[in-house]
There are 8 protein chains.
Amino acid sequence: MQTKYEKAILEILQDYQAHKLTETEAVASVKALNVLDLGFATLDQSRSLRQGFPEVVYCAGKTIEQVVLIMEKLLEQHDNVLGTRATAAMYAAVKAKVPDAVYDEMARMIMVERQPLPQDADRVIAVVTAGTSDIPVAEEAALTAAIMGNKVQRIYDVGVAGLNRLLARVEDLRKANVIIVIAGMEGALASVVGGLVAKPVLAVPTSVGYGANFQGMSALLGMLNSCSGVAVVNIDNGFGAGRIASIINHLR
Amino acid sequence: MQTKYEKAILEILQDYQAHKLTETEAVASVKALNVLDLGFATLDQSRSLRQGFPEVVYCAGKTIEQVVLIMEKLLEQHDNVLGTRATAAMYAAVKAKVPDAVYDEMARMIMVERQPLPQDADRVIAVVTAGTSDIPVAEEAALTAAIMGNKVQRIYDVGVAGLNRLLARVEDLRKANVIIVIAGMEGALASVVGGLVAKPVLAVPTSVGYGANFQGMSALLGMLNSCSGVAVVNIDNGFGAGRIASIINHLR
Amino acid sequence: MQTKYEKAILEILQDYQAHKLTETEAVASVKALNVLDLGFATLDQSRSLRQGFPEVVYCAGKTIEQVVLIMEKLLEQHDNVLGTRATAAMYAAVKAKVPDAVYDEMARMIMVERQPLPQDADRVIAVVTAGTSDIPVAEEAALTAAIMGNKVQRIYDVGVAGLNRLLARVEDLRKANVIIVIAGMEGALASVVGGLVAKPVLAVPTSVGYGANFQGMSALLGMLNSCSGVAVVNIDNGFGAGRIASIINHLR
Amino acid sequence: MQTKYEKAILEILQDYQAHKLTETEAVASVKALNVLDLGFATLDQSRSLRQGFPEVVYCAGKTIEQVVLIMEKLLEQHDNVLGTRATAAMYAAVKAKVPDAVYDEMARMIMVERQPLPQDADRVIAVVTAGTSDIPVAEEAALTAAIMGNKVQRIYDVGVAGLNRLLARVEDLRKANVIIVIAGMEGALASVVGGLVAKPVLAVPTSVGYGANFQGMSALLGMLNSCSGVAVVNIDNGFGAGRIASIINHLR
Amino acid sequence: MQTKYEKAILEILQDYQAHKLTETEAVASVKALNVLDLGFATLDQSRSLRQGFPEVVYCAGKTIEQVVLIMEKLLEQHDNVLGTRATAAMYAAVKAKVPDAVYDEMARMIMVERQPLPQDADRVIAVVTAGTSDIPVAEEAALTAAIMGNKVQRIYDVGVAGLNRLLARVEDLRKANVIIVIAGMEGALASVVGGLVAKPVLAVPTSVGYGANFQGMSALLGMLNSCSGVAVVNIDNGFGAGRIASIINHLR
Amino acid sequence: MQTKYEKAILEILQDYQAHKLTETEAVASVKALNVLDLGFATLDQSRSLRQGFPEVVYCAGKTIEQVVLIMEKLLEQHDNVLGTRATAAMYAAVKAKVPDAVYDEMARMIMVERQPLPQDADRVIAVVTAGTSDIPVAEEAALTAAIMGNKVQRIYDVGVAGLNRLLARVEDLRKANVIIVIAGMEGALASVVGGLVAKPVLAVPTSVGYGANFQGMSALLGMLNSCSGVAVVNIDNGFGAGRIASIINHLR
Amino acid sequence: MQTKYEKAILEILQDYQAHKLTETEAVASVKALNVLDLGFATLDQSRSLRQGFPEVVYCAGKTIEQVVLIMEKLLEQHDNVLGTRATAAMYAAVKAKVPDAVYDEMARMIMVERQPLPQDADRVIAVVTAGTSDIPVAEEAALTAAIMGNKVQRIYDVGVAGLNRLLARVEDLRKANVIIVIAGMEGALASVVGGLVAKPVLAVPTSVGYGANFQGMSALLGMLNSCSGVAVVNIDNGFGAGRIASIINHLR
Amino acid sequence: MQTKYEKAILEILQDYQAHKLTETEAVASVKALNVLDLGFATLDQSRSLRQGFPEVVYCAGKTIEQVVLIMEKLLEQHDNVLGTRATAAMYAAVKAKVPDAVYDEMARMIMVERQPLPQDADRVIAVVTAGTSDIPVAEEAALTAAIMGNKVQRIYDVGVAGLNRLLARVEDLRKANVIIVIAGMEGALASVVGGLVAKPVLAVPTSVGYGANFQGMSALLGMLNSCSGVAVVNIDNGFGAGRIASIINHLR
C-alpha cells in the first residue's frame, strides 16, 4: 500500500528520469516535500517515511488558525492525520475545511482516516485502566494505537483496591502482545500487571487524584519505582503510550 | 441483619440446592453478582462482604451519566450507598432517578441510607478541627463514619494558637474511642492531641492555608513527622479518615 | 498488674493519708514523679499512665552519655524500657550499666523487658513486607508491638511483582486483627493488602530503592494516595507503626 | 530446551501419574517448587515460567548471608542466575559457594550462566550512552540483555554536545531492533535518537551530573517530556532497561 | 543621537552654568530627573544612562491606572518605552493617553518607539524555537531585542524530534552573533544548538508541555544541565533573553 | 484604657463579690467570656488579655455567614476588630450589620476601629517593598501594624535592580525601629536592607513573579538564606509581619 | 564603653585635627579600617559601628588557614570575636595563635570574649527546645545571644508530645522578653508557644528527624505556616536566631 | 597562529592534492581526526575548529585510567588541554605521563598549557564572589577563562551583607567587559551587580550554605528570578561560566 507522500516522491523521481525535471529542480522538489516551512511551523513531512506515520499535531498552545492550516497542509501529502489535545472549537474550525474529520470529545482528538491501516488480529494491544476517571487518557492511547494500525482491547476500571476484578481478566492480559496500563493515585496497577505477564508493559500515570497526588506525581514515581519493571511515559500521555505500543507491536 | 446483597447470594444457593440452577448457572450467577462490568466501570459488588460496606463512588473525574448509572446499579444490591466529591449537578441528576438521595453541600457527598446501620453509643469517634475552614473535610469524615455505623462527636475550631480552647475539651477527647484530627497550615493540632490521649489518632492534613503551605504539604509533612505518633491519610481525605476510623471502631 | 510507677504514686498517696507527708510534700512528690528535668532532657514520667507504656527513647541525635542516663532514670520507675535508632556503641554503654538490656542489631533497638506484658493470642498483628530489604523496619515494628503486649506474625517478602506469593498468605492476613504493611520502591503492596482485608492497615513506606525513589518519597506518596484507604506513618518509621498498631489492638 | 525448573515439575507429574505420589503430595510438591519461603525471603520460583527468566536478586539492602543463600536456592532450580547492585564482598562470599559465579565490577553484577540462552543475530539491542560516566549503567543494561538471550551492540559517548559523533553512528542505530539510550545531565540524547529511528527507544536517566541535576532528576524529567516519545525507566536502572528491551526483542 | 533624558540633563547643566539655577536647584533638578517617586512606584530614570535603555515596565501585578501613569511619566523623558506582560485592557487604557502606542497580542507587549535605535545588519540575533507553542515567548524576546536596536532573525519550530529541520538551518545559526533558543518540554534544542555553534547561546525554558513538565521545570533543569554550556534565564522570560542578548550584541 | 472585654470580666467579679453571682455562676460566666463556642468556630475571647489584641478573623475558607457572625460576636466584647483575606462580598455582608466597618480593597481587609490605639511617633515601623506589585501585601502589613497601635512609614518600589532608589532612603530606614521588607522574585532587597541597619528586619516573600519563582518559593528561600540574618514569615503574609512588628515595637 | 574599633577611628580623627594626618591620609586610614581586603576575604570592619557587633566568621567552607587569619585580623580591632560552624581542627589552629579562644564543641563555636558586654537581667531571652537532639542548635543560639550581651534562660526538651512538660514552664516563658523556639520533626512547639505568650517568638527549625522530615523541611514549613504568627530563620540557624533576638532585646 | 589539529588537517589535504592519498583515504583520515573512538569515549576532535578550544574533560565519574588516556589522546592533537572536577589522584596519574601538567587543588583542575592564548588587556572578565567559601567555584571560572585567552580580575568576598564592600569596587565592575558573579546562600549579589552595570552578567549559584539552601537551590532560584536580568548557569558550574564568558569576550 502506497501513501500519498510516497506517491509524490515517486512522481518527482519519474519526472526526473523522464527529463521533465533538472537535477536541481528534483532536489528542490524533494526538499520542499520533506520540510515545509509555514513560518510559525516547520512540518517534518519525511517523518512518515522514517517512522511510519506522519507528524502528529499537538494542538495545545497553538491558535485555531494554526491548527487548521497545519492539518490542511498535512492532508495534502498524507491520508491519515491526527491532532491531539484539541478543543471542540479547534475541531469546529477544522471540520469546516475538512468535512471528513471526526472528533472524540473524551480523548480530545481530531482524526482524519482516509485509508485505514490494516490491523493484525493476533497482536492485540490491551489498554487497561485502574478507574473510570482514567478513561480519557486511555481513549487517547487506544485511538492512537488503532489509527496507527493495531487491534485494541479495552479493560477498564480494574484497579487493585478490588483485586478480584483484575484477576478475572488475567487471561485477556496474557493474550495481549503489548499492554498499556493507565492509573492515577498510587499507580499500583502497573506493578501488579507487570508481575502477571511476560509482555512489554507501558505505564501511563494520570493526574487523577488529589492532595499528595500532586497532579500525577505519586503515580509517576510509583510506576518509575515499580519492582515489576515497566516502562513509563509522561503523566496523562496517552498518545505517547499508544504510539510506542504501536511501534513495538509492529516489530517483526 | 441481612443486606440485599447477602440475600441475593442466598437465593442463588437455595435455587441451586433445589436444582432450579445447574452448577454452571449458579457459578455464573454468583460471578455476575460480584463483578459487574459496565464498560466504563467494573463494580466490585463483593466488597460489602469483604469490607462491610459497599464500594463508595469517588465522583470526581466521572461524567454525570456515569455517576447516575453506577449509583443505580449499586442500589440494586445495596441499601446504603455513598458518593464523595460530588457536584451539585451530579446530585441533581441522581436525585431525579433516586428520590431519597440526600446531598451535603459542604461535604460534597451524595448519600442514600435506606437501612441505617446501628451505632454503638459507647464507642464515639471524635472529629476535631483546628479551624473553621477545615470543616468541609471534617464533615466528609463525620458523615462517612456515621453512615458506616458509628456515633460521631464534632469538636471544631480548637487549634493550638489558643490552647485553652483545646484544653477545655480534653475530657471529650479522652472519652472518644478513635479520634480524627483535621488541620491545615502547620497541622500542629495532631501532635498535641496525640500527646494527650491513649487512643488511635488519625490525622487529616487539609489544604487550608496559603504560601509555603503548598496546598497542604506543610500540614502533611508536619503530621507525618509528629513526635506523638499519629497515622496520616491524604490531604483533604476526610472520607478515608472516616472509613478507617469506622474499621478500627468496629474491631471487637 | 501494677507497674513500678503506679506503685510509687500509691505509696505517696498512702503516706499522705497516713500523715507521713504534708499536702505540700505530697504534691511535690507527685510532680517530681511526673516530670523529671535532667537539664538536657525532661522525662515525661506520667506517659505510662496516660498512654500505657513509658516514654520511648529516640536515641538518634543524643550523645551516648545522654542515652545511658535517660535509660537509667526511666528504669527507676518502669519495668520495660525501649530505645530506638540506637547504635551498637550506645548499647555497649547501656549494657555496662543495665546488664539485662538486650539489643537487636537489625532493628537498632535497645530493650529492657523485666515484666513482659501479656499477649492476647486471638488478636494478632501481622507485619508484612514487600521485600527482604524492608526487614529492618519491619523488625522495629514487630519488636515494638511485641514489647507493648501484642502477638505478632511476620510475613516477609511478598511484594506484588510475584502476586502468587501474597495470595498464598491471604488467609493469614484475614485472620490478623491489625496489619502493618512495609514497602519501599512504589509501595503498591499496601494498596493490594488494603483491598483484600477488612481490618485496619497501617502502611510504612521505606527508603528502600534508588533513583526516583527519592529516599522513600515514592512509596510515601503511593501509600498516601492508595485507593484502598490505608493510614500512613513516616518513612522507615517502624516504631510508630508498631506503637499505633498496639494502641488499636488494645481497644476493647 | 528444557530448564531445570521445568524438569522438576515434569518429574512430579510423572511420579503422580505413576502413583508414586498421592494427589495431596503432588500438589504440595508443586507448591513448594513455586514459592520457597526462606523466612527473610519468599522466592517466586514460578517466575521463569511466567516471564522467561528466573527472579533476579536485587542485592542492595540485603546482608551478605542473605544474598548467598538466595543465590544457592535459585541455582537448585535454575541454570542462569543474576544478582544486581552487588558489592565485591557479596561476590566473594557467593564465589566461595558457587565457583562458576562471575562478577562485573563496573556493572556491579554477579552472574552465573550455565546454559547460555541463544541470541538472534538479526535482532540487535543497541545500548547508547551520552558520556563515559554513564557506562556503569550501560553495562548493567547490556549484560542483563545478553544473559537474557540478546545480541547487544555498545555505542558509547555520543552525546549531543558534539552531534557529529552521533550522526556518524546513525546507520548502526537504524539497524538495531530495540535501542536503550542512557544519559545523565539533561538527557537530550534520548530525544535526538528518538527522532532519528522508528524502533522502540528505552531511555535511562542517570545520576551523572551535579547541581541542578538533583541526582538524575533533570535527565528523568527531560526524558519523560521528550517530544520524540520514548519510554522511560527509573534513574540508573540499567537492569530494568535491559530486561524490558529483552522482552520486546523476543516478541514474535 | 541624544535621548530626551540626556537633553534634560544638559538643559539643567546649561541653566546652571548660565546662573539660571542655583547649585541647590541644579542638584535637586538632577535628583528629580533620576528617581521619580510616584508613591506606588519609584522610577529609576537614570537607568537609560547606566544601561542604555529606560526602565521597562513589568505590567503584571500592577493596576491599569498604575501602568498608564508610569508609561506617561517615562515618556516625559524617553522616546522609546516598553511594557511587558500587558493585558489588552492595559493597552486600551494606555492607547487612550498615548495614541502612538502599539500592542503585540502574542508577545503581550506595549511598545512606544518614537526614535528607533539603529540596527547593525552584520550582528544578527537569532531567535530559535523548538515548537509553534513557544512562539509567544520568542516574540517577546525578538521584539525586545529589536526595539533595543538589534537585527533579529526568527527560526521557528525546529525541535530535535525532527533533526533534519534543524540541520537545514545550521548556516543561519552559524552566521548569527548571539542565539536565543526557546524550548519547552525537555528543552533539548538548547543543548543541540549549543554544540553546533561557537557563539553565545541564551536558553529560555518555556512552560509549554504538561504532566512531568511541571510548568517549565523540565526544560529549565535540562537547560541548566546542558552539556553544551548555555546560559539560562527564567521560565518564559523572553524579555530577559532579548535584553541580555542585546547587551552582548552591543559589546565592542 | 480599659477594653470592653476587661470591663465585662470586672463586672462578673464585682457581681460575685456583691453576692449577685454564686461561685459556680461566676466561673461559668468567665468561662463563657473566654471561649465562645459557635459550633463552627470557637472564639478565643481571652486572647486580647494574653496578646493585646483580639483574635483576628482569617476570612479565607469561611462562608460569608460565618464571617459576619464571628465579626458580630467579637464586637460584642471588643472595640477594634480585624478581618483579613476578605472578599468584597464578605465586606458587603458585614457592612449591612456593622455600618462602621471599612474595607481596604488592595489589602483585602475589613476593619472596625472604634477606639484607636495610641501610636508612639518615635517608634516607626517602616514597610518597604521591592516593587509596585508587592504593595497589596505591604498594605496588609501596614494597616495591621497601624490598627494595633503603631506609626507606619511606607517606602515602596525600591528594589535592588536600581540600587540608587534604595540608597536615597537609607536615612529613613535607619530611623525606623522595626523594618518590614516585602519582595517577590529573588527577594534580594531583604538581604541588602538587613546589611544596612541595626534594627530587627522582618522579611515577607511575595508570590510576585513567574516561572522558577514557584509562587514565592524563590523569594522565601532567598530570605531564609539571607547572609544578613533576617526573620521570615510565610509567603504573602503581610498580616503576620505587621503583627510581629507590632509586638516587637511595643516591647519596653 | 568604647570598643577597640571606635578608639582607632577616634585616634585618626585626633591626628587629623592635630594636623598629623593630611585629609587624604585620614580618609585612607578610615577606609582601611573599614574594609580590609585579604584577597580571599574582604572584612567589613565597620559592621560593629553599624550593627553593634563585629562581623561573625562563618567557618564552614573556609580553610583552616583562612579562619585563623580572619580571626587574627578581627582581633586587631575588636575585643569580642565569634566563629560559627567551626571544627575542632579549626579551633586547635586558632588556639595556637589566640590562646584565650574557647570552643564549645556542641555548638561548634569559637569564642574570644575579652570585654564581656553587660547583660540586662530584666530582659531575658528564653531558648526553648522540643527535644534533646535540638540542643546543639539551641546552644549556638544561646551562646550567640550571651556574647552579644543578653541574659539567657534555657528550657530544653519540652516538646508537645508531653504537653504537661511545657505547661509546667509557662511562667518562665511569660517572663521572657524574647523567646527562641527550636524544634525539628513537625516543629509544632513554635505554634503552641506562640499561642501562649505576647512576646516576639523566633522559630528555628532543625534537621532533627528522618524520612519525610527532609532535612528540616517539615519543621520549616510547619513554622512558616504557624497559625500563631512566629518569625522563622533558616534550618539549624541557631546563630541567626540568637543575633536577631539580641537586636530585638536591645531595642529601647 | 595554527593549532596542532589544524596542521594535521592541512597535511591530509596537501597529501591528497599531491596524490599521496586517494580520495577514500583522505576522507577516512579526516574522519579519524574528527571523531576518535576509544570504546569508552568518543573524542570530538573537531570541536576546537567549531568552538575555538578542544573538548574539555569532565573527570568526575571517569576512572583514573580513562582520564589519563583521554588526556594523552587530546594532547596528540592539541596544545592546551583542560580537565575539570579532577581529584588529586587523577592528577598524579596524569602527571606521570604528562610531566608539564599542572593542578589547581582549589579549583580541582588539571591544565596543560603549551601554547598560551593571547589575552586582550582591554577586555577584562571580572570574577566576583559573595563570600570566601565561593572561591573554589570562582577559581574554576577564572582559570577556565584565562586558559581560553582572557584577562581576568578577581574581586572576592563582597557580598551584600556589607554593601560598602561592593560599592568600593563599582569602578572595577564598570570597567569589566563581562562579569561573572558567584554566590551561594540567597545569591542576592547577582541582582545587585546586575543593577549597577551595563555589561553581560553571568551568575553562578553555589552550594555554599545549609538548611533551606538545599545544595544551592536557593541561590539558583534567586538568580533565575533576578529582577536585574542576569543569565544563569548550573550550581557550582564555574567552568561553564568561564567558558561562556570567554565566548562573549571574544565576539568582535
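Owing to the predicted nature of the structure, the values given are computational and were not obtained by experimental measurement.

**Q** I would appreciate a short explanation of the overall build of chain A in the present structure.
**A** Scanning chain A from terminus to terminus reveals 11 helices and 11 strands. Overall, the C-alpha framework of chain A stretches about 70 × 40 × 30 Å when taken along its three principal axes. The burial tally for chain A puts 63% of its 252 residues in the buried class. Taking all contacts inside chain A whose residues are at least 6 apart in sequence as the whole, residues at least 24 apart take part in 66%. Working note: accessible area of chain A is about 8,800 Å², and carbon and sulfur atoms make up 55% of it. The averaged location of the 26 negative side-chain charges in chain A is 3 Å from the averaged location of its 23 positive side-chain charges.

**Q** Can you walk me through the relation of the copies chain A and chain D in this structure?
**A** Turning one copy of the chain about an axis and sliding it along that axis gives the other copy, so a rotation and a shift relate them. Mapping chain A onto chain D calls for a rotation angle of 180° and an axial translation of 0.1 Å; the resulting RMSD is 0.1 Å. Viewed as a symmetry operation, the transformation between the two copies matches a two-fold axis. A shared interface surface links the copies, since 100% of the contact residues of chain A are contact residues in chain D too.

**Q** Would you mind showing me how to read the interface of chain C and chain G here?
**A** As a measure of interface size, the accessible area lost when the parts come together is often cited. In this assembly, 24 residues from chain C lie in contact with 18 residues from chain G. Here arginine 165 of chain G and glutamate 55 of chain C are joined by a salt bridge, their closest N and O atoms 3.8 Å apart. Across the contact surface, chain C and chain G share eight residue pairs in polar contact (both at pLDDT 80 or more). Residues of the side of chain C that touches chain G, tallied by class, amount to eight nonpolar, eight polar and eight charged.

**Q** Hey, could you run me through helix α10 (residues 217–224) of chain D in this one?
**A** Because an α-helix completes one turn every 3.6 residues, residues spaced three or four positions apart along the sequence face the same direction. Of all the eight residues making up α10 of chain D, eight are buried; the element is thus mostly covered by neighbouring parts of the structure. Those residues of α10 of chain D that sit buried are Met217, Ser218, Ala219, Leu220, Leu221, Gly222, Met223 and Leu224 of chain D.

**Q** How should I be thinking about the packing of aromatic side chains in this particular structure?
**A** For any two aromatic rings, the description comes down to two numbers: the centre-to-centre distance and the angle of the planes. Scanning the model with the defined rule gives 16 aromatic pairs over all chains in all. Here arginine 85 of chain B stacks its cationic end above the ring of tyrosine 210 of chain A, 3.9 Å away from the centre of that ring.

**Q** Sorry, what's going on with the arrangement of the chains here?
**A** With respect to C-alpha atoms, chain A approaches chain G no nearer than 13 Å, and the pair has no contact. Structurally, chain B and chain H remain out of contact, their C-alpha atoms never closer than 13 Å.

**Q** Please clarify how the sheet that holds strand β5 (residues 102–104) of chain A should be interpreted in this entry.
**A** Through backbone hydrogen bonds, the strands of a sheet pair up, either in parallel or in antiparallel fashion. Residues and elements named next belong to chain A. Taken together, four strands build an open sheet; the order of strands is β3-β4-β6-β5 and the sheet is mixed. Two strands bound the open sheet, and with one partner strand each, they are β3 (57–58) and β5. Sheet topology places β5 next to strand β6 (residues 109–113); three bridges connect them, and they run antiparallel. Opposite valine 102, over in β6, you have methionine 111 as the bridge partner.

**Q** Whenever I open this one, helix α6 (residues 135–147) of chain F confuses me. Can you help?
**A** Residue and element names in this part refer to chain F. When the terminal C-alpha atoms of α6 are compared, their 18 Å separation across 13 residues agrees well with the 18 Å that a helix rising 1.5 Å per residue should span. Along α6, 11 of the 13 residues are buried, which leaves the element largely enclosed by surrounding structure. Within two residues after α6, glycine 149 carries a phi angle of roughly 95°, on the positive side.

**Q** Is there a simple way to explain the domain arrangement of chain A in this structure?
**A** Residue and element names in this part refer to chain A. When the domains of chain A are assigned, the result is domain 1 (35–113) and domain 2 (124–249). Inter-centroid distance (C-alpha atoms) of domain 1 to domain 2 is 26 Å. Each side of the interface is counted separately: domain 1 has 14 residues, and domain 2 has 12 residues. Carbon and sulfur atoms supply 69% of the area that domain 1 and domain 2 bury against each other, a total of about 1,100 Å² over both sides. It is Phe53, Arg85 and Met106 that lose the most area in domain 1 upon contact with domain 2, and together they represent 36% of the buried surface on that side. The interface formed by domain 1 and domain 2 holds one salt bridge in total. A salt bridge links glutamate 140 to arginine 85; its shortest N-O distance comes to 3.6 Å. For the interface between domain 1 and domain 2, the tally reads one residue pair in polar contact (both at pLDDT 80 or more). Looking at the side of domain 1 that touches domain 2 residue by residue, the class counts come to nine nonpolar, two polar and three charged.

**Q** Any chance you could explain the confidence of the model for chain A here in plain terms?
**A** As a note on interpretation, predicted positions should not be read in detail where pLDDT is low. Residues with a pLDDT of 70 or more make up 97% of chain A, whose mean pLDDT is 91. This complex was scored by the predictor with a pTM of 0.92 and an ipTM of 0.90.

**Q** What am I meant to see in the interface of chain A and chain D here?
**A** Chain A puts 30 residues into the contact, and the matching count from chain D is 30 residues. For the pairing of chain A and chain D, the buried interface totals around 2,400 Å² over both sides, and the portion due to carbon and sulfur atoms is 57%. Put simply, chain A and chain D have zero salt bridges between them. At the surface where chain A touches chain D, the tally comes to nine residue pairs in polar contact (both at pLDDT 80 or more). For the side of chain A that touches chain D, the secondary-structure elements that each account for two or more residues are α3 (47–51), α9 (188–196), α10 (217–224), β11 (231–232) and α11 (238–249) of chain A. Per element, the largest residue contribution to the side of chain A that touches chain D is four residues, and it comes from α11 of chain A.

**Q** Can you walk me through the environment of leucine 251 of chain F in this structure?
**A** Relative to the helices and strands, leucine 251 of chain F resides in the segment after α11 (238–249). Discounting chain neighbours no more than four positions away, the residues touching leucine 251 of chain F are Arg123 of chain F together with Asn177, Lys199, Pro200 and Ile248 of chain G.

**Q** Explain the pattern of salt bridges here, please?
**A** Proximity of charged atoms lets side chains of opposite charge pair with each other. Enumeration over the complete set of coordinates arrives at 80 salt bridges over all chains. The residue arginine 169 of chain B makes a salt bridge to aspartate 37 of chain F at a minimum N-O spacing of 3.5 Å. With one member in each of two chains, arginine 169 of chain B in the loop between α7 (163–167) and α8 (170–175) and aspartate 37 of chain F in strand β1 (residues 35–37) form a pair that bridges those chains. By relative accessible area, which is 18% here, arginine 169 of chain B ends up buried. Taken together, the salt bridges that share partners define one network made up of Asp37 of chain A together with Arg169 and Asp172 of chain E.

**Q** Is there a simple way to think about the pairing of strand β7 (residues 124–129) of chain H in this case?
**A** Each regular strand carries side chains that alternate between the two faces of the sheet. All names here are of chain H. Within β7, six of the six residues are buried, which leaves it mostly tucked inside the rest of the structure. Both faces of β7 are covered, namely the face carrying Val124, Ala126 and Val128 and the face carrying Ile125, Val127 and Thr129. Between the parallel elements β7 and strand β8 (residues 151–155), the chain passes through helix α6 (residues 135–147) in a crossover that is right-handed. Sheet topology note: the β7/strand β9 (residues 178–183) ladder contains five bridges and is parallel. Opposite alanine 126, over in β9, you have isoleucine 179 as the bridge partner.

**Q** Is there a simple way to explain the sheet that holds strand β5 (residues 102–104) of chain E in this structure?
**A** Residues and elements named next belong to chain E. What the four strands build is an open sheet, ordered β3-β4-β6-β5; its pairing is mixed. Two strands lie at the open edges of the sheet, namely β3 (57–58) and β5, each paired on one side alone. Packing against the sheet, helix α4 (residues 64–77) makes contact with β3, β4 (80–84) and β6 (109–113), and its axis sits at approximately 160° to β4.

**Q** Help me understand the relation of the copies chain C and chain G in this model?
**A** Laying chain C over chain G is done by rotating through 90° and shifting 0.0 Å along the axis; what remains is an RMSD of 0.1 Å. The superposition of one copy onto the other is thereby described by a four-fold rotation axis. Among all residues of chain C, the one whose C-alpha sits closest to the rotation axis is phenylalanine 214 of chain C, at a distance of 7.1 Å.

**Q** What is the right way to read unusual backbone geometry from this model?
**A** Trans is the prevailing form of peptide bonds, just as negative phi is the prevailing case for residues other than glycine. A positive phi angle, near 65°, is found at aspartate 236 of chain A, a position not held by glycine. One can find aspartate 236 of chain A in the loop between β11 and α11.

**Q** It is not clear to me how the pairing of strand β6 (residues 109–113) of chain B should be interpreted in this structure. Could you clarify?
**A** Of all five residues making up β6 of chain B, four are buried, and the element is well covered by its neighbours. Turn length for the strand β5 (residues 102–104) of chain B-β6 of chain B hairpin, with the two strands adjacent in sequence and antiparallel, is four residues, and the turn residue arginine 108 of chain B shows positive phi of about 55°.

**Q** Sorry if this is basic, but what is going on with the side chain of glutamate 186 of chain C here?
**A** Tracing the backbone through its elements, the reader meets glutamate 186 of chain C in the loop between β9 (178–183) and α9 (188–196). For the buried glutamate 186 of chain C, which has no salt bridge, the nearest side chain bearing the opposite charge is arginine 165 of chain C, at an N-O separation of 9.7 Å. One polar contact links glutamate 186 of chain C to serine 191 of chain A, side chain to side chain, over a distance of 2.2 Å. A polar contact is formed between the side chain of glutamate 186 of chain C and the backbone nitrogen of cysteine 227 of chain A, at a distance of 3.3 Å. The residues contacting glutamate 186 of chain C, other than those within four sequence positions of it, are Ser191, Gly222, Asn225, Ser226 and Cys227 of chain A together with Val160, Ser218, Ala219 and Gly222 of chain C.

**Q** Quick question: what am I supposed to make of the packing of helix α10 (residues 217–224) of chain B against helix α10 (residues 217–224) of chain G here?
**A** For any two helices packed against each other, one specifies the crossing angle of their axes together with the interaxial distance. As a packed pair, α10 of chain B and α10 of chain G sit with axes 8 Å apart at the nearest point and diverge in direction by 125°. Accordingly, the angle class assigned to the pair α10 of chain B and α10 of chain G is oblique. Read as a crossing pair, α10 of chain B and α10 of chain G show a hand that is left-handed. The segment α10 of chain B lies against α10 of chain G, with Met217, Ser218 and Leu221 of chain B engaging Met217, Ser218 and Leu221 of chain G.

Analysis parameters
Sequence order sets the numbering: in each chain, residues are counted from 1 along the sequence as written. All chains are assigned letters beginning at A, and all ligands numbers beginning at 1, according to the order in which they are written. Owing to the predicted nature of the model, reporting of local features is limited to residues with pLDDT of at least 70; listing and counting of side-chain atom pairs is limited to 80 or more, with chain, interface and lining totals taken over all residues. Hydrogens and water molecules were not included; the side-chain quantities draw on all heavy atoms of the structure. Each helix corresponds to a stretch of at least 4 residues labelled H or I by DSSP, and each strand to a stretch of at least 2 residues labelled E; elements are numbered beginning at the N terminus. The rule is simple: take the accessible area with a 1.4 Å probe, protein chains only, and divide by the maximum for that residue type; under 20% is buried, over 50% is exposed, in between is partly exposed. Residue contacts follow a heavy-atom distance rule, with two residues in contact if any of their heavy atoms lie within 4.5 Å. Shrake-Rupley sampling with a 1.4 Å probe provides the accessible areas, and residues are treated as covered by the protein chains on show and by no other component. We score Asp and Glu as negative and Lys and Arg as positive, and we do not count His or the chain ends. Charge positions are represented by NZ for Lys, CZ for Arg, CG for Asp and CD for Glu. The least-squares superposition of copies is restricted to C-alpha atoms, and to residues with a pLDDT of at least 70 in both copies. Whenever Lys or Arg places a side-chain nitrogen within 4 Å of a carboxyl oxygen from Asp or Glu, that contact is recorded as a salt bridge. Any pair of nitrogen or oxygen atoms within 3.5 Å is treated as a polar contact; in protein, a donor-acceptor pairing is required on top of that, and neighbouring residues in sequence qualify only through side-chain atoms on both sides. Side-chain classes are defined by residue name, with Ala, Val, Leu, Ile, Met, Phe, Trp, Tyr, Cys and Pro counting as nonpolar, Asp, Glu, Lys and Arg as charged, and the others, Gly among them, as polar. Each Phe, Tyr or Trp ring (for Trp, its six-membered ring) is paired with any other whose centre lies within 6.5 Å, and the angle between the two planes then decides the class: stacked below 30 degrees, edge-to-face above 60, tilted in between. In our convention, an over-ring charge means Lys NZ or Arg CZ found within 6 Å of a ring centre and within 35 degrees of that ring's normal. Paired strands are those between which DSSP finds at least two bridges. Take the number of residues in a helix, subtract one, and multiply by 1.5 Å to get its expected span. For every domain, the bounds stem from an assignment made automatically or drawn from a database. Simply put, the buried area is the total loss of 1.4 Å probe accessible area from both parts when two parts are fitted together. A residue's pLDDT is simply how confident the predictor is in it, with values from 0 to 100. Convention used here: a crossover is right-handed provided that the path from the first strand, over the helix, to the second strand proceeds clockwise when the strands point away from the viewer. Lines fitted to the C-alpha atoms define the axes, with helices restricted to the stretch that makes contact. Angles between their N-to-C directions range from 0 to 180 degrees. If an angle is under 35 degrees, it is roughly parallel; if it is over 145, roughly antiparallel; if it lies from 65 to 115, roughly perpendicular; otherwise it is oblique. Working rule for handedness: look at the near helix, and if it is turned counterclockwise from the far one by less than a right angle, call the crossing left-handed; if clockwise, right-handed.

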